[in-house]
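Structure assessment
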Amino acid sequence: MDVELWQLALLMGAGTIAGALNVIAGGGSLMTVPIMLFLGLSGPEANGTNRISIIAQNIVAVRTFFRRGFSEFRLSLTLSAAAIPGAILGAMVGVQLDGEWFDRVLAVVMIGVLVLMQLPSKQHDTGGLPLTRKRLILGHVLMFGAGCWGGFIQVGVGFILMPILHRVMGLDLVRTNMHKVFIALTYNLFAIVVFAAAVSIHWQFGLALAAGNALGGYFGARFSVHGGEAWIRRIVTIVLLIFIAKLLLP
């Protein structure tokens, strides 16, 4: 298909906003995937093409967190290893996905996450809970399921990863975002291979989105470090409410 300059500019602008949202909370793909559908891609093609931008965004975000002194690569790697098999399985289903029936399912998931994140927490904004062996094991088990969803559609996966890392494992929200971007980076490297083998990846659209997402990922990571947990929590709640309304209202 012919690509026009305005389409690439639109995707780059949307990618910048989506990249920042994805790093801080999640849901950025709810902006980029519909735009690609509007521009003529099928559901599986948009789903696969979106992975290019997610990978670029999270490379920048991981680097930004690292340069600001936030890294726990051993834990990030083990969590990623738990998510990768699920992502491959989910991607194998995702390449066959078409239509919009999944919108309402996603809305239900977001409502559940919103309720979960509003429950009273025993931890303070400045720190997390002790990472016990039980929390560690449960977090890795649940990460397989998060990988399944991420490989399947990616949309809203941040709203699944954050409760696992924050509520289940007890990590503070800055460390939660630090691990989240690393995990999403690694499993998407595998998921995009599955999509590329089964559907047409639109590389021009994907690279335009990637440029925007990388810029957004940089600003999102900086805000996560300097904005503090209270702001992150508010943004998560606001973004969830906006996208739930978007999915449920005609």
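Residues numbered from 1 in each chain as written. Predicted model: local features only at pLDDT ≥ 70, side-chain atom pairs only at ≥ 80, totals over all residues. Heavy atoms only, no water.

1. Considering the overall build of the protein chain
Per the secondary structure count, the protein chain includes ten helices and zero strands. Reading the protein chain from its N terminus to its C terminus gives the helix and strand order α-α-α-α-α-α-α-α-α-α. Taking all 250 residues of the protein chain together, the buried fraction comes to 55%. Taking all contacts inside the protein chain whose residues are at least 6 apart in sequence as the whole, residues at least 24 apart take part in 85%. (Helix = DSSP H or I, 4+ residues; strand = E, 2+ residues; numbered from the N terminus. Buried < 20%, exposed > 50% of the residue type's maximum accessible area, 1.4 Å probe, protein only. Contact = heavy atoms within 4.5 Å.)

2. Examining the packing of helix α4 (residues 73–94) against helix α8 (residues 173–198)
The description of two helices packed together rests on the angle between their axes and the distance between the axes. Close contact between α4 and α8 brings their axes to 8 Å; oriented N to C, the two are set at 35°. Along this stretch, α4 crosses α8, giving a crossing that reads as right-handed. (Axes fitted to C-alpha atoms, helices over the stretch in contact; angles between N-to-C directions. Left-handed = near helix turned anticlockwise from the far one by under 90°.)

3. Quick look at the packing of aromatic side chains
Evaluated as defined, the whole model comprises three aromatic pairs. For the ring pair Phe66 and Phe73, a centre distance of 5.7 Å and an interplane angle of 35° mean the geometry is tilted. With a relative accessible area of 46%, Phe66 lands in the partly exposed category. Residue class for Phe73 comes out partly exposed when judged on its relative accessible area of 35%. Among the aromatic residues, ring-to-ring pairing joins Phe66, Phe73 and Phe182 into one connected group. (Phe/Tyr/Trp six-rings, centres within 6.5 Å; stacked < 30°, edge-to-face > 60°.)

4. Regarding the packing of helix α1 (residues 5–24) against α8
The geometry of α1 relative to α8 is characterised by a closest axis approach of 8 Å and an angle of 120° between their N-to-C directions. As summarised for this structure, α1 and α8 are arranged oblique, according to the angle between their axes. Residues Asn22, Val23 and Ile24 of α1 form the contact with α8, whose participating residues are Asn177, Lys180 and Val181. The residue inventory of the contact of α1 with α8, partitioned by class, reads three nonpolar, two polar and one charged. (Parallel < 35°, antiparallel > 145°, perpendicular 65-115°, else oblique. Nonpolar A, V, L, I, M, F, W, Y, C, P; charged D, E, K, R; others polar.)

5. Some points on the confidence of the model for the protein chain
Per-chain confidence: the protein chain averages 83 in pLDDT, with 80% of residues scoring 70 or above. Taken element by element, the predicted model of the protein chain shows its lowest mean pLDDT in helix α5 (residues 102–118) (65) and its highest in α4 (96). (pLDDT = per-residue confidence, 0-100.)

6. Structural notes on the UniProt feature "transmembrane region" (unreviewed entry) in the protein chain
Taking the UniProt record as the reference, the feature "transmembrane region" (unreviewed entry) is found at residues 20–41, 73–95, 141–161, 181–199 and 231–249. Between the C-alpha atoms that bound residues 141–161 the distance is 12 Å, and the span itself is 76% helix and 0% strand. In residues 181–199, the share of helix is 95% and the share of strand is 0%. The end C-alpha atoms are 25 Å apart. (UniProt positions renumbered as here; feature names shortened; annotations may be inferred.)

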